Each structure stands twice: as structure tokens, then as C-alpha cells.
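# Structural characterization, general
As a plain string of letters, each chain reads:
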Amino acid sequence: MPAGVVFAIALLAVASAAGWRPGRPGLMAVGLGAAGGGALIAAWLLSRGSFGIHVASLNAGLALWTPVVALVAVAEEVAIRGALFTMLADRYGDGGALVATTLLFAAIHVPLYGVGSLPLDLAAGLLLGGLRVVSRGVLAPAIAHVIADLAGGWLL
Amino acid sequence: MSRRRGWLVILVSIVALTLVSRFLPSGSPPIYDGQCIANPYETLGGAPAPQPATKTFPTSKTFPPSEVLTGETPPQAQILMEAATFDNSTPVTVTITPVPAPGVKPPNGTIEGNVYRFSAVNASGTDLEPSPSLPVFIILRGLTSSPAPTIDRFDGTSWAPISTLNAGCGNTFEITSPQLGEFATVKPGSGAPTPQPAGGGIPAAAIVGGLALLLIIAVVVLFTLDRRRGAAR
């Protein structure tokens, strides 16, 4: 858990050093993010073969886990689809930035989940990248990413 | 890239997500990540011993959606049940117990980790099974995720593999089952039973090393691009 916090702070520091600054939040981005998170949860339910879910009961572990996971998800989005996407887009256009950040997003999950995670994380990365392009900011993919990650702990 | 093309990307990605999720091979990982705390696997007969779990549900009009899980981190065995899974007109006790592996070997590989017995009984001690339309979710922790193990069910005479999903943290795997009984994770392939070492999964050092390497690459790329951008101005 502390490693997650350190990782997130390091990502945010790198993004900040690279000149990334938050933009003005918009309602459209919030809505897009929520819809994107819903799509990611729907895909997860589909993979389970059952749409029956219930919410986990609160416990100390989950209470600590939740802000850390949210922080890591936001930091990944700020670094990958915030700072890096903007820099790559300046040079290679949105298309090049989308491809590169999608590949990087899938790659950073391999150490934890193995090579088998690549197809799913490539698709998820593409969705988050699409949200970045449409919303012109990092808020929508960050919201979608946080929703999807938290669902893994809160929805059973 | 125009917003219109961005919408197209979203559409394509949703189709891809749906297809990948639907046709994911057995043992594939979840989409979700998060910070995983995984203590060493506790093997039956070892110290510390793996923990059983039991929970009694008092009489209720409808059996509640609930979970029972063992006390390790992450739990080595869990059962998730939807509302009305059992007849709850009398108290229902759901129990998870690590038990010795039966003499019969699974047809699809070797058992790794413990065998867990999942049972539910009513007040008079009669064994209960889930409602036919409400299979339970069984989640077991394995020792490795590559090659992806399956979860097998032992019916008293033989083992049968069940379609298995990777549930993420600490080599945990998930199935849905219409029946309770004995379950274990089975490493694919034949041969002698594998030893059951403590711990499992990718070493933390490899994870930290991989993330550190990616971070260094990201820093180098970011600063290189920033310098080039500055020079171009």
C-alpha cells in the first residue's frame, strides 16, 4: 500500500515537472467519465457471466484501500493521458499520442497481472484515450479509471 | 484528431472490451488494478495454518447477499452469495474449511494450494445447496498465475475443472458454481504434485523493479520531448 502512494506521488511529480497543469473541470467531462466507468464495469460483469452484484461491507482494509487506489488511478491518468499525451500530441498528433499512451498503459499492468492482461488493458486504455480525445482533458479518463478500479474492491 | 474520431475510438474500444471480456481465455486477469497486499500462502499442515471461516445467518424472510471469507491477506478462500441463495426459514451456517487433498488426482493437472470444503447447513444440520438459479461465486487463492490454473470441484469421487477467471490480487481465481463441495486450484499439466512453497505470485522486487524501469523511461521520454519542444520554440 505505501508503495502505491509513493508510485502515485512520483507519477504526479513527473507530470508536474513536465509542465502539466490541471484544466478547468467541465460537466461534460464528468458525465463522460461516469459513462466510461460504467462501460468498464459492464465489461467486467460480462466476463463474470453474471450481472448479480452486491456492494462490499465497509471494513478497515477497504477504507484504506479506496483512497490509495483512487490516488494511483488519478496519478496514472495525469502522467499518461495528461502530461505524456499532451507532449506526444504536440509532436505526433492525437493519433500517435493515443497509440503510444494506450501501449504504455497496457505495459505498466504487465508486471502485476502478466502478459495475459494485455488484450483487456489495451482495450481499456483505448477507451480511456478516446475519453481524453473527446473531452480534451484528463478529468473524464481519470473518473472512468477511478470508478473501474474501485469497482474491483467494492462490487462483489 | 477531431472529437468525431475520438467518439469512433470510444466505440471501437467498447466493442473490443466486450469481445475481449466475452471471449477471455480461462484464467485471464481482470481489467481492474489496485494495490495488492499479498502475504505468503498458508498451507495446510504448515505454520501458520490456513484459517477456516464460518458465518451463521439468522432466520430471515430472504437469505441476504453476503460473503464468507477466510482471514488471510488476501483471503485464501471466499464464497459470495446473492440474495435468496439459500432457504433461510431457519438459521443457515456457511462454512469454509481447509481439508487434506483426497487421494484422487485431478484429470487436468496438479493441485496447488489447499483443498477447501464449502458447506452450508440449516438449524437441523441438513446440508443445503444453492438455489438452482443462483450459483455461488467461489474465489480461491493459488500459488501462481502463469500458467493460469483452473479451479476444480471434487464431487466425492472425481475432480472436474470449472471455467475460471483471474480475480487479481495475490493469484486469486474465481468461478461460479451451482453446487458446494470441495474446491482447489489446479495447475495445468500432468506430472508429480508440485511442492507447495510459502508465498506465490510475482516477487515484489520484480514488480517494483518493473515499475521503476517504466518510470525512468517515462521521465526520459518526457524530458527529451520537453527539451525538443523548447528548442523548436
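The numbering scheme is per chain: residues are counted from 1 as the chain's sequence reads. Ligands are numbered from 1 and chains lettered from A, in the order in which they are written. Local features in a predicted model are, by the rule used here, given only for residues with pLDDT of at least 70; side-chain atom pairs are given and counted only at 80 or more, and totals for whole chains, interfaces and linings are based on all residues. Note that the side-chain values use all heavy atoms of the structure and ignore hydrogens as well as water.

Here we come to the packing of aromatic side chains. All names here are of chain B. Pairing of aromatic side chains requires ring centres within 6.5 Å, counting the rings of Phe and Tyr and the six-membered ring of Trp. Pairs whose planes differ by under 30 degrees are stacked, by over 60 edge-to-face, and all others tilted. A complete count under the given rule lists four aromatic pairs over all chains for this structure. A centroid spacing of 5.1 Å and a plane angle of 40° characterise the contact between F154 and W159, whose relative ring orientation is tilted. Relative accessibility thresholds used throughout: buried, under 20% of the residue-type maximum; exposed, over 50%; partly exposed, between the two (1.4 Å probe, protein chains only). For W159, a relative accessible area of 5% puts it in the buried group.

All names here are of chain B. Each helix corresponds to a stretch of at least 4 residues labelled H or I by DSSP, and each strand to a stretch of at least 2 residues labelled E; elements are numbered beginning at the N terminus. Within strand β11 (residues 181-188), six of the eight residues are buried, which leaves it mostly tucked inside the rest of the structure. Sheet analysis places strand β5 (residues 109-121) next to β11, joined by seven bridges and oriented antiparallel. Bridge pairing in β11 links I111 to V186. Only strands joined by at least two bridges in the DSSP assignment are considered to pair. Pairing of strand β7 (residues 150-154) with β11, which is carried by five bridges, proceeds in the antiparallel orientation. Each residue of the ladder has a partner; that of T150, found in β11, is V186.

We now examine the nonpolar core. Buried residues of nine kinds, namely Ala, Val, Leu, Ile, Met, Phe, Trp, Tyr and Cys, make up a nonpolar core once their side-chain atoms join them within 4.5 Å. B:I79, B:M81, B:F86, B:V94 and B:F118 are the most contacted members of the largest nonpolar core, which has 25 residues in total. Among the secondary structure elements, those contributing two or more residues to this core are β1 (53-57), β3 (77-81), β4 (92-99), β5, β6 (136-141) and β10 (172-177) of chain B. Dropping the residues within four chain positions of it, B:F86 is found in contact with B:F63, B:M81, B:V92, B:V94, B:A120, B:L128, B:E129, B:P130 and B:L180. Formed by 20 residues, the second largest nonpolar core is a distinct cluster that contains A:L127, A:A140, A:A144 and B:V20. The contact definition used throughout considers only heavy atoms, calling two residues in contact when any of these lie within 4.5 Å.

This paragraph deals with the sheet that holds strand β8 (residues 159-162) of chain B. Residues and elements named next belong to chain B. In space, the six strands of this open sheet follow the order β1-β4-β5-β11-β7-β8, with antiparallel pairing throughout. Lying at the two open borders of the sheet, with one neighbouring strand each, are β1 and β8. Shown here is a sheet whose adjacent strand axes are inclined to one another by a mean of 25°, direction ignored. With four bridges connecting them, β7 and β8 associate as antiparallel partners. Across the sheet, R153 pairs through a bridge with A160, a residue of β8. Here an angle of 0 to 180 degrees is reported between the N-to-C directions of two axes, which are lines fitted to C-alpha atoms, with helices fitted over the stretch in contact.

All names here are of chain A. Any carboxyl oxygen of Asp or Glu that lies within 4 Å of a side-chain nitrogen of Lys or Arg is treated as forming a salt bridge with it. With the rule as written, the count across this model stands at three salt bridges over all chains. The salt bridge involving R81 is made with E77; its shortest N-O contact spans 2.6 Å. Residue R81 and its partner E77 are located together in helix α3 (residues 60-113), separated by four residues, close to a single helical turn. Residue R81 is classed as buried on the basis of its relative accessible area, which comes to 0%. Its relative accessible area of 0% is what places E77 among the buried residues.

Looking now at a nonpolar patch on the surface. Residues with no salt bridge and a relative accessible area higher than 30% make up the patches, which join like charges within 9 Å and nonpolar side chains (Val, Leu, Ile, Met, Phe, Trp, Tyr) within 5 Å. Only the protein chains shown count as cover for residues, and the accessible areas themselves come from Shrake-Rupley with a 1.4 Å probe. Together, B:L8, B:L11, B:V12, B:V15, B:L19 and B:F23 make up a nonpolar patch on the protein surface, roughly 610 Å² of accessible area in all. Mapping B:F23 onto the fold places it in the loop between α1 (3-22) and β1.

Looking at chain A as a whole, the pLDDT averages 84, with 85% of positions reaching at least 70. Per residue, pLDDT measures the predictor's confidence, with a range of 0 to 100. Per-element confidence in chain A ranges from a low mean pLDDT of 83 for helix α1 (residues 2-17) of chain A to a high of 90 for helix α4 (residues 118-135) of chain A.

With that out of the way, let us pick up the side chain of B:T150. Residues and elements named next belong to chain B. Assignment of secondary structure puts T150 in strand β7. Under the relative-accessibility criterion, T150 is labelled buried at 17%. For the purposes of these results, a polar contact is taken to be a pair of N or O atoms within 3.5 Å, where, inside protein, one atom must be able to donate a hydrogen and its partner to accept one; residues adjacent in sequence count only when each atom of the pair is a side-chain atom. In terms of polar contacts, T150 uses its side chain to reach the side chain of D152, at 3.0 Å.

What follows is about the environment of B:S158. All names here are of chain B. Relative to the helices and strands, S158 is located in the loop between β7 and β8. Along the chain, S158 and P102 lie 56 residues apart, while their C-alpha atoms are 9.3 Å from each other. Excluding its chain neighbours within four sequence positions, the residues that come into contact with S158 are V104 and R153.

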